[in-house]
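One-letter residues, chain by chain:
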Amino acid sequence: MPEAILSLAGVHTHIGQHHILQGVSLEAIRGRATVLLGRNGAGKSTTLRTVMGLTPASAGSIVFDGQAVEKARPHAVARAGVGFVPEDQAVLRGLTVEENFRLAMLQESPEAWAKMETIFELFADLKKFWRAKAGVLSGGQKQMLAIARAFVGDHKLLLIDEPSKGLAPIVVDHLIASLNQLKRHTTIILVEQNFHMASQVGSDYFILDDGRVVHAGLMEALVDDEGLKQKYLGIA
Amino acid sequence: MTGREPTPVQMERLHQRSRRFTRPGFLIQLALLACLIAGPLVMPSFRVMDLVAKIMIFAVAVASFDIILGYTGIISFAHGMFFGLGAYSVALICHYSQPVQYHHLLLAGVLAALISTVVAVVISALSLRVKAIFFAMVTLAVAEFCHILGYQWSSLTKGEDGVSFKLPGVFSADWSGGALWGTQINGRLLVYYLILVVCALLFVGLVRFVRSPVGRVLKAIRDNEQRATALGYRVFRYRVLSTVFGSLVSSLCGALFAMWLSYVNPDTVLGTPLMLNILLMVIIGGLGTVYGGILGAAFIKIAETWLPDLQKLALSLFPKMELMHRLAERWILLFGILYILSVLFFPKGVVGTLRDQAEARRLRRLGRP
Amino acid sequence: MDLAPDAGQAGRRWAARLAAVSIWLLPLLAIDPTTYLVLTVAGLAMGMLLFLTAAGLTVIFGLMDVLNLAHGAFFAWGAYAGFAVLNALNGLGWVETGTLGQGILSVLLALLAALAIGGVLGLFLERVIIQRVYGDHLKQILITMGASMVLAEVIKVLWSPNNQTVLVPLSFTGSYDIMDVVINKFRVVAIVVGLAVYAGVMAVMQKTKLGIIIRAGVENREVVQTLGYNINRIFTGVFMAGAALAAVGGSMWGIFREQITPAMGDENLIFALIVVIIGGMGSVTGSFLGACMVGLAFNYVAYLVPKLALGANILIMVVILFIKPWGLMGREQ
Ligand SMILES: Nc1ncnc2c1ncn2[C@@H]1O[C@H](COP(=O)(O)OP(=O)(O)O)[C@@H](O)[C@H]1O
Ligand SMILES: [Mg+2]
C-alpha cells in the first residue's frame, strides 16, 4: 500500500492581508516524484514555502513522516528531513562551492562526504569548481548546486521549485536526467511550469489554481488529456 | 461624454469640503487658538506663558519631524541640529549686530532657512540615495559634529557659556507699552504673540503639505517603495524634498526658541537630549499624524515642568533610600523607559490610537444599515 | 560612465585606495617624522579600540539587518565594569602597589569582567527588546536609541554622573622610548589586542562552520534557516559576541585614558558609525580598515588643528560616501 510521506489537509496561508492558500490538500507518496502544476500565481511556491514554515500556515494540518509540522519553524522542518530548493536558486554566491556543501551538512560525517561521490557523478561540474565562489557558476550550475546541496543534507523529501526556470533546453535535459537519478534515493516534490520536464520526472501530479487544488492524478493520464492541460495549464 | 456628473471620489471630496468648517476637529482647533490668544491676557502667569510658548514651538518642531519620520519613513537624527542651527542664526546675528534692528530678525530667519536647506540637501543627496538607514547613521554623526562644533568654535559661539542677546525694539525684554485690561504689555508678551503667529502659520503649512499631492506621494513611497517607483515617481527626489522641508521648519522653530530664551548654548539647542525629547514627543503623540506633535510636546513639556516637584515629593516620602534619590534625579531614565515601552506597546501614539478607534467606530456604523 | 560600468567601478576603487593612502602619508608633509611615528602609533591604537566596537556593529548589521544604536552603551558598560574590578582589586593592594604579575592579572580580570557584562547585556537586549522588532528598521532604531539612553542613565545611577578616574597598574603606565619615539605602553597593548581580535574574528569567519553560517546568513537568512540552522540562536550568539567585544574595547579605552564618563558610549558610537559607514556595512575587514583610517586621521588632525579632529572624520566619511556609496568593502544591495 502506498504511504504518504507528506500530507497537507485544508491548509490556508495568509501573507500580510492577502489570503494566498485557501485550503490546499495534497499528498506525496514515499519514493515517488510528485509534480505541482498550475499557472503563474496559482500558489505553488507558497505551498512549498508553507511546508517549510517560511510562510506559516494560518489553518490546516501538515504531516511529514508522521509528525505534525504546521507550527514548526523552518530549521526544525529541515531537521525533520525536508530539503528545500527555492525558486531563485538561492546558492550563496559569496561562499565557495565547498562551503555551500559544508553548510548543508548538519554533521560533516563520513556518510555525508560519501554522498558527495554520488553528487559528483551526477554533477561533474561541481567538482571542477569546488574551490570557486558559487557566484561565478553559470545558471545551470547554480541550479545543480542548489539541488545537490539540498540532497547532501540527508533529507527524506526534497521540495524543488521550478528548477528549469531560465535554463537552456540542453541544460534542462541534463537536469531531467539528474533528477531521475535522484529519485532513486529520495522522494521529490517538484514545482514545474515546463511540462516536458514535469512529465519526464513526475509520477503523480496536483494542479493548483487560485490557492486550491483543482485536479490530481497520475502523470501518465495527464499527458494524454489535452482538455485538462488546455484548461489549467494553457498548453495546446 | 454627456453630463459632468461628479465621480464618487469627487462626491466624497465635495462632501468633506462642505463639512470642513463644521467638523469637530476644526472647532477644537479654533477653541485652542482662542485659548492661546486670550491666555496671557486672562491669566498673566509667567510660568504658564513660558510653558505654553515652549509647547507651541516644540509642537511644530515635532510635527515637522513627523513629516520626515512618520510620512516619509526616514529617520533623521539631525532634526535637533537643524533646530540648533536656526537658534544659533538668531542668537549670533542679534548678538553681533549693534544696535540690533528688526531687519536683523528677518535676516536671521532667512539665514536659518538657507543654511538648513543647504545642509539638508547635501546630507540627503549623499546618504538617501543608498538606503534610508544610511541617513540615520550619517545624520547622527553630523549632528554630533555640530554639537561639538558649538563647543569648540568658541571665537564665534562662545563655547559652553553660550550666547545671550537682545531682541530689537518692541520685542526687547526691557520694552514696556503700558497695560491692557490689567495686563502688562511688554516685550515678552509680544514675542509670545510672534511665536503664536509663526507657529500657527507653520503648522497650517505642515498640514497643507501632508494633504497636498506631494504628501500623498510620500505616503505611497513609505507604504510601498517599489510600487511607487513602478508608478514612475522619483522616490529619491520626493524623499529629499520632504527631508529638506521638515528640516527647514525645524530650523525656524529653533529660531523662535532662541528668541524666547534670548540665550542659546550648545547643550540646550544642539545636544542629544533635545533630539531625544523630539523623538519621545513624536512617539507619544503618534507617528504620521502631524497633530500628535501638539499632544506629545504638551505631555513632555508639562511633565518636565512638574517633575522637579514630583521628585521633591518622592524624596520626602522616602528620605532614607539613597538609590531612590538617585533614581529620582535621573528623570531621563524614566523618560527612556517610557519611550521604549511606547515604541513597543503603543506604537501609534495617542492621536494614532484615537484615529484607529474613530475609524473602527465609523466602519461599525457603516456596517449596520 | 554607463557605457563602461567596469571602468567606473575600477576608477572608484582606485579613488578609494588613493584616499586611504593619502590619509596615511599626507600628514608627513606637515609633521616631523618623530612626532609622525608617535601619532601613527597612537592612531593605530585608537583605531584598534574603535574596531572592537565597529566589528560587532557591522556584523550585527550585516547578519541581522539591525542597526544597534545601543552598541556604544556596551562600550561604556565595559569601561565601568573594568573600573569597578580594578577598584576592588586595588583594595587588595594589587593595582597601584602590586607586582607585575598582580598588575597583569588585574587588567585581565578587568577585561574579563567587561567581556561578561557585555555578553549579559547583549543577551538581555537581544532577547527582551530586539527580538520583538526584527524586520522593522524604524522601530529598531528608535528602540535601540532608547535602550542606549537608559543604559547610560543606569550608569549614572549606579556610579555617578561625573567622570571617574580609573586606577591603572604601574606596569601599564609609562612609555617606551625608542630613539626619541615615545610610545605609550598601553598603546602597544591595544594594538596587539586589536590585531589579535581581528585575526581571531577573521579566522572564525573564514575557517569555521560558525563562520560559514554567519557569512551565509549575511547573504541570505532564509537559506540558512531552510538548511536546518536556528537563525534566532545564531542572532543571539552574534549579538552577545558583538556586545562583549565592544565592552572589552570600552574597558581598554578606560585603562588607556584613565578617565571614564557615562557619555563615553555615545561618543564611541559616533566613531563606530563613521567607521562602519566608511568600511561598508557587514564587512569585518572594511571595519578594520575604516577604524585604522579614522584613528590615524583623528590623531594627525588633532595634532595639526586640534578642534577639527572629529570634523576631519566626518569629511572622510563624506568623501568615501561620494566615491563609494556602499563603503570601502560594502556590497551593493
Ligand atoms: N510576499 C507576498 N506578498 C503578497 N502577495 C504574495 C507574496 N508572495 C506571493 N504572493 C501572491 O501569492 C500568489 C501565489 O504566489 P506563488 O505561490 O508564488 O505562485 P506560483 O509559485 O504558483 O507562481 C500570487 O498571487 C502572488 O502575487
Ligand atoms: Mg512560483
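Quick look at the structure, then. For clarity, every value in this text was computed on a predicted model and none was experimentally measured.

Moving on, we get to the pattern of salt bridges. One pass over the full model with this rule turns up 18 salt bridges over all chains. Residues B:Arg239 and B:Glu225 are paired through a salt bridge, measuring 3.1 Å at the closest nitrogen-oxygen approach. One end of the pair, B:Arg239, is in helix H11 (residues 235–261); the other, B:Glu225, is in helix H10 (residues 225–230), with 14 residues separating them in the sequence. Overall, the relative accessible area of 10% leaves B:Arg239 in the buried class. B:Glu225 gets classed as partly exposed once you look at its relative accessible area, which sits at 39%. The partner of B:Lys301 in a salt bridge is B:Glu304, and the shortest N-O contact between them spans 3.2 Å. Placement of both B:Lys301 and B:Glu304 in helix H14 (residues 292–317) is noted, with a separation of three residues, approximately one turn of the helix. For B:Lys301, a relative accessible area of 8% translates into the label buried. Here the salt bridges do not stand alone but share partners, grouping A:Glu3, A:Arg30, A:Asp65 and A:Lys156 into one network.

With that settled, consider the interface of chain C and chain B. Taken together, the contact pairs 43 residues of chain C with 38 residues of chain B. A combined buried area of about 3900 Å² lies between chain C and chain B, and 83% of that area is made up of carbon and sulfur atoms. Of all residues in chain C, C:Leu142, C:Met149 and C:Val157 give up the largest surface area on contact with chain B, accounting jointly for 17% of the area buried on that side. At the boundary of chain C with chain B, the tally comes to zero salt bridges. Of the residues assigned to the side of chain C that touches chain B, the class counts are 33 nonpolar, four polar and six charged.

All names here are of chain C. Evaluated as defined, the whole model comprises 24 aromatic pairs over all chains. Ring centres of Phe51 and Tyr198 lie 5.7 Å apart, and the angle between their planes is 75 degrees; this geometry places the pair in the edge-to-face category. With Phe51 in helix H2 (residues 33–64) and Tyr198 in helix H6 (residues 185–207), the pair connects residues that are 147 residues apart, well separated along the chain. Considered together, Phe51 and Tyr198 belong to a single accessibility category, that of buried residues. Here Tyr134 and Phe235 contribute two aromatic rings whose centre-to-centre distance is 5.2 Å and whose plane-to-plane angle is 55 degrees, an arrangement assigned as tilted. Linking Tyr134 in the loop between helix H4 (100–128) and helix H5 (137–158) with Phe235 in helix H9 (residues 231–257), this pair joins segments that are 101 residues apart in sequence. Overall, Tyr134 belongs to the partly exposed group, its relative accessible area being 22%. Using a relative accessible area of 3% as the deciding quantity, one classes Phe235 as buried.

To continue, consider the interface of chain C and chain A. Taken together, the 19 residues of chain C in the interface contact 23 residues of chain A. Summing both sides of the interface, chain C and chain A together bury roughly 1900 Å²; the carbon and sulfur share of this comes to 57%. Viewed at the interface, chain A and chain C are joined by three salt bridges. For the side of chain C that touches chain A, the elements supplying multiple residues, two or more each, are H6, helix H7 (209–219) and helix H8 (221–226) of chain C.

On the surface, C:Leu100, C:Ile104, C:Leu105, C:Leu108, C:Leu109, C:Leu112 and C:Leu115 cluster together into a nonpolar patch covering about 610 Å² of accessible area. Residue placement: C:Leu108 occurs in helix H4.

Moving on: the pairing of strand S4 (residues 57–64) of chain A. Residue and element names in this part refer to chain A. In this structure, strand S1 (residues 4–15) lies alongside S4, joined through six bridges in antiparallel fashion. In the strand pairing of S4, Leu6 is matched with Phe64. Looking at chain direction, S4 and strand S5 (residues 67–68) are connected through two bridges and run antiparallel. Each bridged residue has a counterpart across the sheet, and for Phe64 the counterpart in S5 is Gln67.

So, about the sheet that holds S5(A). Hydrogen bonds along the backbone pair up the strands of a sheet, which may run parallel or antiparallel. All names here are of chain A. Taken in spatial order, the four strands line up as S2-S1-S4-S5 in an open sheet, and their pairing is antiparallel. Since the sheet does not close on itself, it has two edges, and those belong to strand S2 (18–29) and S5, each with one partner. Helix H1 (residues 44–52) contacts S1, S2 and S4 of the sheet and is inclined by roughly 105 degrees relative to S1.

Thresholds, definitions, all that
- Residues numbered from 1 in each chain as written.
- Chains lettered and ligands numbered in written order.
- Predicted model: local features only at pLDDT ≥ 70, side-chain atom pairs only at ≥ 80, totals over all residues.
- Heavy atoms only, no water.
- Salt bridge = Lys/Arg side-chain N within 4 Å of Asp/Glu carboxyl O.
- Helix = DSSP H or I, 4+ residues; strand = E, 2+ residues; numbered from the N terminus.
- Buried < 20%, exposed > 50% of the residue type's maximum accessible area, 1.4 Å probe, protein only.
- Contact = heavy atoms within 4.5 Å.
- Buried area = accessible area lost by both parts, 1.4 Å probe.
- Nonpolar A, V, L, I, M, F, W, Y, C, P; charged D, E, K, R; others polar.
- Phe/Tyr/Trp six-rings, centres within 6.5 Å; stacked < 30°, edge-to-face > 60°.
- Patch = residues over 30% accessible without salt bridge, like charges linked within 9 Å, V, L, I, M, F, W, Y side chains within 5 Å.
- Areas by Shrake-Rupley, 256 points an atom, 1.4 Å probe, with all protein chains shown as cover.
- Pairing = 2+ DSSP bridges.
- Axes fitted to C-alpha atoms, helices over the stretch in contact; angles between N-to-C directions.

Remember, this is a structural readout, not a statement about activity or role.
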